[in-house]
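Take a look at the letters that make up each chain.
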Amino acid sequence: QMLRAADKLRVDGSDGDATVLAGAAAADLDCAAFAALRCPVLILAHGADDGHPLSTARQLRAAIGETARLEEAADLDAAKEAWPAALAGFLRGLP
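Notes on the structure in this doc start here. All of these numbers come straight from a predicted model, not from anything done at the bench.

Where burial is concerned, most of strand E1 (residues 41-46) is hidden: five out of the six residues are buried. Here E1 pairs with strand E2 (residues 68-73) via six bridges, running parallel. Following the sheet pairing, His 46 is matched in E2 by Ala 73. Taken together, E1, helix H3 (residues 54-64) and E2 form a β-α-β motif whose crossover is right-handed.

Quick look at the structure:
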């Protein structure tokens, strides 16, 4: 998905952004490296973000375990509506 998004950016004339996306696509996020986190973690992800796929957010949530909370939104508009309350709730729940 990210490579397709990078190609689209190149066609649209955003070469710098395309290079960043292509580099991110080539990198392999080692979700298991985050398993040692013991602090509360809020992961925000939406389905229309090619640079940060929901599948990666879900893998990250699973790797971190019970201290992680994943808030998913369908798209950016839904995220803008839902995430302020999600963040406020997360912060209220911190020790």
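Ranked by size, the top nonpolar core spans nine residues in total: Cys 31, Val 41, Ile 43, Ala 45, Leu 54, Ala 57, Leu 60, Ile 64 and Ala 68. Mapped onto this core, the elements with two or more residues apiece are E1 and H3. No other element matches H3, which puts four residues into this core. Look past the residues within four positions of Ala 57 in its chain and what remains in contact with it is Ile 43, Ala 45 and Leu 70.

Each value, and the rule that gives it
Numbers given to residues run from 1 along each chain, matching the order in which its sequence is written. Only residues with pLDDT of 70 or above have their local features reported here, since the model is predicted, and side-chain atom pairs are shown and tallied only from 80 upward, although totals for entire chains, interfaces and linings are computed over all residues. In computing side-chain properties, one takes all heavy atoms of the structure into account and sets aside hydrogens as well as water. Accessibility here uses a 1.4 Å probe with only protein chains present; expressed as a share of the type maximum, an area under 20% marks a residue as buried, one over 50% as exposed, and anything in between as partly exposed. Helix numbering and strand numbering both begin at the N terminus, where a helix is a DSSP run of H or I of at least 4 residues and a strand a DSSP run of E of at least 2. Pairing between two strands requires that DSSP report at least two bridges joining them. Here a crossover is taken to be right-handed if, once the strands point away from the viewer, the path from the first strand over the helix to the second is traced clockwise. We define a nonpolar core as any set of buried Ala, Val, Leu, Ile, Met, Phe, Trp, Tyr and Cys residues linked to one another through side-chain atoms lying within 4.5 Å. Whether two residues are in contact is decided by their heavy atoms: any pair within 4.5 Å suffices.

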